[in-house]
Amino acid sequence: NRPKGSETDTRTSQEILDERINNLEPEEIGRVRQAIQRRKEDDKAVRAANARLLKAKIELEKAQKKMEEARKCVEEATERANANIEKDADDLLLEPTPWNNYYKQLTIFYDREG
């Protein structure tokens, strides 16, 4: 004779659970089934929330990468614009105009007088 429980049980865990629940008192069966249902709903909500979190993390990583690329573009464009401004200003100051002559005289005066 084999000891009780040593036989291979081919039932699923759900079948075993259902059998144990059915052996409870009638008022307990309802409470246990409600608790099981709440647990299933809670598990489903947690899985959905984790999925949303993972999706948000992936979107955040993509957005941060795009932000860094855009920041680099702004920096390069600003540097290029500043270089062009200085070049254009220098080129304009070299033209023989009355304003440029006054400007040159003014810078000479400030250099000399402080």
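Just so you know, these numbers come straight off a predicted model, no measurement behind them.

K.L.:
Lay out the packing of aromatic side chains in plain terms, naming residues and giving numbers.
P.N.:
If you walk through the whole model with that rule in mind, you get 2 aromatic pairs. On the basis of an interplanar angle of 10° and a centroid distance of 5.4 Å, the ring pair of W99 and Y103 is categorised as stacked. With a gap of 4 residues between them, W99 and Y103 both fall in helix 3 (residues 98–113), about one helical turn apart. Residue class for Y103 comes out partly exposed when judged on its relative accessible area of 35%. For the ring pair F109 and Y110, a centre distance of 5.9 Å and an interplane angle of 65° mean the geometry is edge-to-face.

K.L.:
Break down the pattern of salt bridges for me, citing the residues and quoting the values.
P.N.:
Inspection of the entire model under this criterion finds 7 salt bridges. A salt bridge links K87 to D91; its shortest N-O distance comes to 2.9 Å. One end of the pair is K87 and the other is D91, both in helix 2 (residues 26–93) and 4 residues apart, which spans about a single turn. Taking relative accessible area as the criterion, D91 reaches 37% and is therefore assigned partly exposed. The salt bridge involving E113 is made with R112; its shortest N-O contact spans 3.2 Å. The residues E113 and R112 share a single accessibility class, namely exposed.

About the criteria used
- Residues numbered from 1 in each chain as written.
- Predicted model: local features only at pLDDT ≥ 70, side-chain atom pairs only at ≥ 80, totals over all residues.
- Heavy atoms only, no water.
- Phe/Tyr/Trp six-rings, centres within 6.5 Å; stacked < 30°, edge-to-face > 60°.
- Helix = DSSP H or I, 4+ residues; strand = E, 2+ residues; numbered from the N terminus.
- Buried < 20%, exposed > 50% of the residue type's maximum accessible area, 1.4 Å probe, protein only.
- Salt bridge = Lys/Arg side-chain N within 4 Å of Asp/Glu carboxyl O.

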